[in-house]
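# Observations on the three-dimensional arrangement
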Amino acid sequence: QLQLVESGGGLVQAGGSRRLSCVASGHTINNYALGWFRQAPGKERDFVAGISWSGRSTDYASSVKGRFTISRDNAKNTVYLQMNSLSPEDTAVYYCYADPHPRAAASRSWGQGTQVTVSS
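One structure accompanies this document, and this report is about it. The model shown is predicted, which means the values in this text are computed figures rather than measured ones.

Below, the discussion takes up the overall build of the chain. When helices and strands are counted, the chain shows 0 helices and 11 strands. Sequence-ordered secondary structure for the chain, helices as α and strands as β, is β-β-β-β-β-β-β-β-β-β-β. Buried residues in the chain amount to 42% of all 120 residues. Restricting to contacts in the chain with at least 6 residues of sequence separation, those with at least 24 account for 55%. Of the accessible surface of the chain, which amounts to about 6400 Å², a share of 48% is contributed by carbon and sulfur atoms. Each charge class in the chain can be summarised by its mean position, and for the 12 positive and 8 negative side chains these summaries are 6 Å apart.

Bringing unusual backbone geometry into the picture now. Positive phi, normally seen in glycine, also occurs at Asn77, with a value near 55°. Exposure remark for Asn77: the relative accessible area of 15% places this residue in the buried category. The residue Ser85 is not glycine, and still its phi comes out positive at about 50°. Checked against the element boundaries, Ser85 lands in the loop between strand 8 (78–83) and strand 9 (92–99). Judged by relative accessible area, Ser85 falls into the partly exposed class, the value being 46%.

One open sheet accounts for 4 strands, arranged 1-3-8-7; its pairing is antiparallel. For this open sheet the edge positions go to strand 1 (3–7) and strand 7 (68–73), each flanked by a neighbour on one side alone. Neighbouring strand axes in the sheet, compared pairwise and without regard to direction, differ in orientation by 15° on average.

How each quantity is defined
Residues numbered from 1 in each chain as written. Predicted model: local features only at pLDDT ≥ 70, side-chain atom pairs only at ≥ 80, totals over all residues. Heavy atoms only, no water. Helix = DSSP H or I, 4+ residues; strand = E, 2+ residues; numbered from the N terminus. Buried < 20%, exposed > 50% of the residue type's maximum accessible area, 1.4 Å probe, protein only. Contact = heavy atoms within 4.5 Å. Areas by Shrake-Rupley, 256 points an atom, 1.4 Å probe, with all protein chains shown as cover. Lys, Arg positive; Asp, Glu negative; His and termini not counted. Charge placed at Lys NZ, Arg CZ, Asp CG, Glu CD. Pairing = 2+ DSSP bridges. Axes fitted to C-alpha atoms, helices over the stretch in contact; angles between N-to-C directions.

Structure (structure tokens):
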């Protein structure tokens with residue numbers, strides 16, 4: 001498994017923007033699908049966005065579609081989440097993940113999370 005470290009969280013005003021980063025170490029991310037979940041207090045951890053190993057396919061939760069953009073930079077071993085038009089409902093701990101190829105016989109890796117707080 002990879003080691004993943006998120007950064008970029010913090011306090012942002014409603015309507016503002018924030019970019020999260022997740023840097024992997026221990027292995028190249030080239031052959032991993034990547035993505036983000038988030039968990040608000042008292043809520044389940046929910047899927048936010050994902051990007052395929054090739055970077056050619058993306059998937060978004062309906063709640064963030066059109067506002068958030070996931071991208072990856074394999075040269076930097078990093079996946080990003082650009083968040084625009086933020087609202088208080090986006091307040092959560094955001095976790096990145098990396099999924100190995102299904103035939104790799106390895107489990108999903110998770111980052112430690114980064115807090116995003118959106119104020120009114």
